[in-house]
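# Observations on the three-dimensional arrangement
The lines below spell out each chain.
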Amino acid sequence: MAEPGHRLSARGRGTTERRTPRLLRLLFWAGTAFQVTQGTGPELHACKESEYHYEYTACDSTGSRWRVAVPHTPGLCTSLPDPVKGTECSFSCNAGEFLDMKDQSCKPCAEGRYSLGTGIRFDEWDELPHGFASLSANMELDDSAAESTGNCTSSKWVPQGDYIASNTDECTATLMYAVNLKQSGTVNFEYYYPDSSIIFEFFVQNDQCQPNADDSRWMKTTEKGWEFHSVSITPAFSQRSQKRDPGAFVREWVAYTSECFPCKPGTYASEKGSSFCKLCPANSYSNKGETSCHQCDPDKYSEKGSSSCSVRPACTDKDYFCTHTACDANGQTQLMYKWAKPKICSEDLEGAVKLPASGEKTSCPPCNPGFFKTSNSTCQPCPYGSYSNGSDCTHCPAGTEPAVGFEYKWWNTLPTNMETTVLSGINFEYKGMTGWEVASDHIYTAAGASDNDFMILTLVVPGFRPPQSVMADTENKEVARITFVFETVCSVNCELYFMVGVNSRTNTPVETWKGSKGKQSYTYIIEENTTTSFTWAFQRTTFHEASRKYTNDVAKIYSINVTNVMNGVASYCRPCALEASDVGSSCTSCPAGYYIDRDSGTCHSCPPNTILKAHQPYGVQACVPCGPGTKNNKIHSLCYNDCIFSRNTPTRTFNYNFSALANTVTLAGGPSFTSKGLKYFHHFTLSLCGNQGRKMSVCTDNVTDLRIPEGESGFSKSITAYVCQAVIIPPEVTGYKAGVSSQPVSLADRLIGVTTNMTLDGITSPAELFHPESLGIPDVIFFYRSNDVTQSCSSGRSTTIRVRCSPQKTVPGSLSLPGTCSDGTCDGCNFHFLWESAAACPLCSVADYHAIVSSCVAGIQKTTYVWREPKLCSGGISLPEQRVTICKTIDFWLKVGISAGTCTAILLTVLTCYFWKKNQKLEYKYSKLVMNATLKDCDLPAADSCAIMEGEDVEDDLIFTSKKSLFGKIKSFTSKRTPDGFDSVPLKTSSGGPDMDL
C-alpha cells in the first residue's frame, strides 16, 4: 500500500504589468519511496551488481517492509537477489549519514559529501532539478482566456544558479514538487519577497488536493534580505504548498536517504559525516564534491562561495573613494582615501592607478544645528531649552520655546541615529559594507561590490512631539515633516528610492527618482506619532553584473531636516504663549484653534470660517480663510462642508441640501488589460461631504490582509480620504472568492471649496469632459486636494466632483467618469467625476409652484397648488394643501343684475314723465307772462285770470320764445327757482330793453 502522496507547489502572480524581480532561494529536503516493479520476459543473463539497486517496498499495516532488488533497466537481466526483510518503517539515519541498502545500516558520508539523514536539499539551480514542475497560467475566465493562457506559456520559474526566480509579469507561475512522505517532518526554505502588492502563498496538499489549515501559507514581505520559513508536515494529513509570485525554494524532510550528496561548487566538506558544506572564503574556489578550497592566483580574485576565480582588472579611480576622519582635539579632520571593498583590482598592472596619499588635514566643518562643539572637537546636543547654529548653545529668550527636531547639513561623521549598509542586487544578502560615505557638506553613495547593489541609508526617529493643536485634531493631522535636499548623477538607468517604515514594519516605497536629477528638495508629511524609519536606497543599474563600471554614478544628500522630533535638538526658538506663575511667566500651549500674539504672548481665537496653521500659529495672519461653501470645525483645524450650499442670483436664492448624498459610494472604471491579458479595474470610493470634516472613504490593500493571520490586521495598508482609488483584480482572475484590492491611493484629503465656478485655487473642472447640462441649473462643484506630492504631480493630486441636478435619477443617482478619460484622469494628477441625482437639485421654494383656481360650483370654489414643469427642485417646502372657499354662482349675480336694471329703468321713466309734466306747466305760465307783458306795453287791459278755463287747449296757445331741448328745459327749471319757491323766467320787453326776471 502506497504512502499518502504529498505535493508542494509554489505559485506566483503579479498584480500589474509593472513588476520588480521576485526572487526566492530554495532549499528542499525530500525522500521518496518506490514501488517494486519486476518484469517478466525471455531468458536473460544473471544481473550483475552494477545493473541493479535496492529499494524498499511500501510499509504494511504492521509497519514492516521488504528490501528488494530493482534492475536499472527492466528486462535487461534476471536472477536478482531474493527479497529480504527490511528495516522498520520508522527507521532513519542521523544527519551526516546515509543508509547502505546492501547491509541496511547507516554509514557516515565521505569527505566532500553531506547528507541530511532524513531529507534532501536542493540548493543548486543551474537547471530545474528532477521531480520539480513549473507551470504557468492566466486564470482569466472571459472570452480571451485561450489567448491569455497562450501568452503565459513562457511565464515560469527560472533557475538562476544560486536561486530560482518566479515570473515578473502578471501570469500565475506555480512551482511544484511531489513526494511520498514516510514520517513527520518539515519543509524549510529561504525566500526574498519585498513587494506587498504581489500575491505570494505557500501551502501543502495531499494527493486528494486537501490543503492544511495553516495560517503560515500567506507569506510576509521580507524586511532585510532573505528570510527563513518552515512548515510542519505529517503523513496523517497530506499537504501541499503553493506560492504566488516571488521565487519559491523549498526543502523537505523524508524518511531516509540512501546516498550522500556532493558539495556544490563553491563549498567543501573536510570531514566525514558532514551534514552541510561550508562556503569557500573570498579569493578561493572549489569544484563539486571538494574536501577543501583552492586559493586563487595572485592576479585573480573571487567572492565568498565562488566556484571559480576571475582575473583582476587594473585599478582605476572608480575603485577607491575618499572619506573624512572624526575631528581631533585641534578641530582638524583628515582626508582619507580607501579602496572599495572587496578590492578586486590590481595595482601592479600596466595603467593601474595608485591609491592617493591620505592624511591631508582640513578644518572640521561646524556641528549641525542644535549641537555644540566640545573641547575635544566632538559635537554634542544642546540641552532642552536652548538652541545653537552649530557652535555654542544659547538659552531661548523669555516668551519663546525651542523648535526641536533634527537638522543635518554637515557630514563629518554619520549621526548616531543613522546607519548604512549594502544589499546585494544579485542574491539580496546584506554584505556588511558601508553604502554611504560622508563628505563634509554632503553624504554620497560608496562604490559597493557591484553596480547593481543597493546602497542603503537609514534614519530612525523614536517618536515626535507635535503641537497640542495637532494632537486635538483627528483629521488631516500633520505630526511632523521630513525635508531633504538631494541630487543624482547617472550615466545609465540608476534609481533612488525613498521609503518609510512605521513601528519597525516593512519599509513602504514613497517616491522613486530615475536617472540624473538636479539638486532639489523633497518633503514628506508624517501623520502618525510612532517610531519611524526613513530609508534611502540607490541602485546604479538593474542589470546583474558583478563588476564596477558605473561607480561615478552617485546619489548625494546635502541636508535632512525632521521637525517635532522627540528628544530632538533646536536650531532656533519660536514664540510661545505665556502663562503666569509664582516665579514669573512660562511657556504654555494655546488651545486648539488659537493663535499666539507675538507682542503680548497671549492666545486669541481665530475668526470664524478660518483655520489655523498649526506649525506657524503666530499672529492673526496664521488663520487662513476657508474656501467658498465651507466652514471651520470647532478647533479651526480644517474646513468642511455640511452638505449645505447656497447660490445667489439677482432674482432668487437657491438652497441645496446634499445630505442624501453623504454616504460613501463606489465607482469602477472600465476594464484594463495588461500585455498578458490580465484584467483589472481602477476602483474609486467617494464621500462627498464627509462627516463634520472626517473623511469616510477607505481603500485597502487586501493582498496584505490575505497574507496576515487573523488578529494582526494592523499590518494591512489602508487609505482614508474623501476620495481614494485602488486597483481591483476580479475574483475570476485571482481564483479567490473575493477580488484582490491593491495599491490604494488618496485622491482627496482636503476640501478646498464648493462653488458653481469651474476654477478654484488653481484647480479646474472642464465642462467639456462631461455631457452638457440641459436644465439651466449650473453644476455645483466640490474641489479637493491630496497631501501626496509625487514626482509627476509636484502640486499633489486634485479631485473635482460635479454634482448635477437630474430629477429623473432617484437617490443616490449615478456616478460617471469623463468619456475621454476612462480612469477618471487625463494626466494622472487631476481626477474628475460627475454625480447626477435628484438630490442635487435646489431645495423647493414658493417660486417653484403656482396656484390653479377652479370655477364656483354649488357655492364652493377650490384653489390647487402644483409644481411648475419641469420640476427642478427637491426637498425644501412642500406644496400647500388645497384651499376651499365659499362663492356666489353666476345665476345669482345675473338675477341681481336684471332686477337692478329693471328698477333703474322704471325710476328713469317715472322721473322723465314727472319732469315732462312739470315742464308743460312752466311753459304755459311762461306764455301767459309773455302775453301779459305785451298787453302792458300796448295799454291793453289786463287779463282777468291766468287760469286755463275749462275747455281750453293749452298746447294751442303756447308761445315759445326760444327752442330748448327737454334736458335744457329741466336745467333751466331747476336753476331759476327763487328763494321763495317760485320760478324765475327771463322776459324781454317789446322795445328790446334788458331782460326782466319774473
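Predicted model, so just to flag it, every value in this text is computed and none were measured.

### Some thoughts on the overall build of the chain
Tallying secondary structure elements over the chain gives 7 helices and 73 strands in all. The proportion of buried residues among the 998 residues of the chain is 45%. Contacts spanning at least 24 positions in sequence make up 67% of the contacts within the chain whose residues lie at least 6 apart. When the accessible area of the chain is evaluated, it comes to approximately 49,500 Å², of which 53% is carbon and sulfur surface.

### Some thoughts on the pattern of salt bridges
For the coordinates displayed, the defined rule picks out 14 salt bridges. Among the ionic pairs, D779 bridges to R804, the shortest N-O distance being 2.8 Å. You can see D779 sitting in the loop between strand 64 (763–764) and strand 65 (780–785) and its partner R804 sitting in strand 66 (residues 798–805), a full 25 residues away along the chain. Judged by relative accessible area, D779 falls into the buried class, the value being 6%. The buried category is assigned to R804, whose relative accessible area is 5%. One salt-bridge network, in which partners are shared between bridges, spans D100, D103 and K107.

### What to know about the environment of S845
Within the element layout of this structure, S845 appears in the loop between strand 68 (830–837) and strand 69 (849–853). Put simply, S845 and R652 are 193 residues apart on the chain and 9.8 Å apart in space, counted from C-alpha to C-alpha. In contact with S845, not counting residues within four places along its chain, are R652, W867 and I877. A distance of 2.8 Å separates the side chain of S845 from the side chain of R652, its partner in a polar contact.

### A few points about the state of the cysteines
Within the structure shown, the criterion is met by 22 disulfides. Covalently, C626 is tied to C639 through a disulfide, its sulfur atoms 2.0 Å apart. The chirality of the disulfide connecting C626 with C639 is left-handed, given an S-S dihedral of about -80°. Of this pair, C626 sits in the loop between strand 50 (623–625) and strand 51 (631–632) while C639 sits in strand 52 (residues 639–640); the two residues are 13 residues apart in sequence, bridging distant segments of the chain.

### As for a nonpolar patch on the surface
Where nonpolar side chains cluster on the molecular surface, the patch consists of I860, V884 and I886 and spans about 310 Å² of accessible area. Within the secondary structure, I860 is located in strand 70 (residues 860–867). Judged by relative accessible area, which is 38%, I860 ranks as partly exposed.

### Regarding the sheet that holds strand 69
Each strand in a sheet pairs with its neighbour through backbone hydrogen bonds, running either in the same direction (parallel) or in the opposite one (antiparallel). The 3 strands lie next to each other as 69-70-71, forming an open sheet whose pairing is antiparallel. The sheet terminates laterally at strand 69 and strand 71 (883–886), the two strands that pair on one side only. Direction aside, the axes of adjacent strands within the sheet are offset by 25° on average. With 4 bridges joining them, strand 70 and strand 71 adopt antiparallel strand pairing. Residue pairing in the sheet places Q861 in a bridge with T885 of strand 71.

### Topic: the environment of N503
Within the secondary structure, N503 is located in the loop between strand 39 (495–502) and strand 40 (508–514). Classification of N503 by relative accessible area gives partly exposed; the value is 37%. Each C-alpha atom, one on N503 and one on N529, is 10.0 Å from the other, the two residues being 26 residues apart in sequence. Filtering out sequence-adjacent residues up to four positions away, N503 remains in contact with T530 and T531.

### A short note on the sheet that holds strand 26 (residues 320–324)
What the 3 strands build is an open sheet, ordered 26-27-28; its pairing is antiparallel. On the outer flanks of this sheet lie strand 26 and strand 28 (360–363), each paired with one strand and no other. Across this sheet, the average inter-strand angle for adjacent strands is 30°, counted without regard to direction. Judged from the 4 bridges that link them, strand 27 (residues 332–339) and strand 28 form a sheet pairing that is antiparallel. From the neighbouring strand, Q332 faces strand 28, where its bridge partner is S363.

### Comments concerning the nonpolar core
Core analysis: the biggest nonpolar cluster contains 39 residues, and W436, L459, F498, F534, W536 and I560 have the highest contact counts within it. Core analysis: the second largest hydrophobic core is formed by 36 residues, Y640, V665, L747 and V780 among them.

### Looking at the side chain of S806
Tracing the chain through its elements places S806 in the loop between strand 66 and strand 67 (814–816). Apart from residues lying up to four places away in sequence, S806 is in contact with E836, S837, A838 and C841.

### Topic: the side chain of H682
Residue placement: H682 occurs in strand 57 (residues 679–686). H682 has contacts with L667, A668, G669, Q725, A726, V727 and D823, leaving out every residue within four places of it along the chain.

### Quick look at unusual backbone geometry
The residue after V811, namely P812, is reached through a cis peptide bond having omega 5°. Along the chain, P812 falls in the loop between strand 66 and strand 67. You will see that S79, though not glycine, has its phi angle at about 60°, which is positive. Position of S79 among the secondary structure elements: in the loop between strand 4 (66–71) and strand 5 (84–85).

### Quick word on the packing of aromatic side chains
For the structure shown, the criterion picks out 33 aromatic pairs. Here the aromatic rings of Y656 and F658 are separated by 5.7 Å at their centres, their planes lie at 25°, and the arrangement is stacked. Taken together, a centroid distance of 6.0 Å and an interplanar angle of 80° make the contact between Y849 and W867 edge-to-face. Highlighted residues: Y849 in strand 69 and W867 in strand 70, separated in sequence by 18 residues. Across this residue pair, the class does not change: Y849 and W867 are buried. R65 extends its terminal NZ or CZ atom over the ring of Y56, reaching a point 4.0 Å from the ring centre.

### Observations regarding the confidence of the model for the chain
Per-chain confidence: the chain averages 78 in pLDDT, with 77% of residues scoring 70 or above. Long-range and interchain partners of residues 139–149, a stretch whose pLDDT sits below 50, account for 20 contacts in this model, where long-range means more than four residues apart.

### A look at the pairing of strand 35 (residues 436–439)
Sheet faces and side chains relate simply in a regular strand, where the side chains alternate between the two faces. What you see with strand 35 is no split at all: W436 and V438 on one side and E437 and A439 on the other are buried throughout. Two strands pair when backbone bridges link them, and strand 35 and strand 36 (residues 442–445) are joined in this way by 4 bridges, in the antiparallel orientation. For E437, the partnering residue across the bridge sits in strand 36 and is Y444.

Cut-offs applied
- Residues numbered from 1 in each chain as written.
- Predicted model: local features only at pLDDT ≥ 70, side-chain atom pairs only at ≥ 80, totals over all residues.
- Heavy atoms only, no water.
- Helix = DSSP H or I, 4+ residues; strand = E, 2+ residues; numbered from the N terminus.
- Buried < 20%, exposed > 50% of the residue type's maximum accessible area, 1.4 Å probe, protein only.
- Contact = heavy atoms within 4.5 Å.
- Areas by Shrake-Rupley, 256 points an atom, 1.4 Å probe, with all protein chains shown as cover.
- Salt bridge = Lys/Arg side-chain N within 4 Å of Asp/Glu carboxyl O.
- Polar contact = N/O pair within 3.5 Å; in protein donor to acceptor, adjacent residues only side chain to side chain.
- Disulfide = S-S within 2.5 Å.
- Patch = residues over 30% accessible without salt bridge, like charges linked within 9 Å, V, L, I, M, F, W, Y side chains within 5 Å.
- Pairing = 2+ DSSP bridges.
- Axes fitted to C-alpha atoms, helices over the stretch in contact; angles between N-to-C directions.
- Core = buried A, V, L, I, M, F, W, Y, C linked by side-chain atoms within 4.5 Å.
- Phe/Tyr/Trp six-rings, centres within 6.5 Å; stacked < 30°, edge-to-face > 60°.
- Lys NZ or Arg CZ within 6 Å of the ring centre and 35° of its normal.
- pLDDT = per-residue confidence, 0-100.

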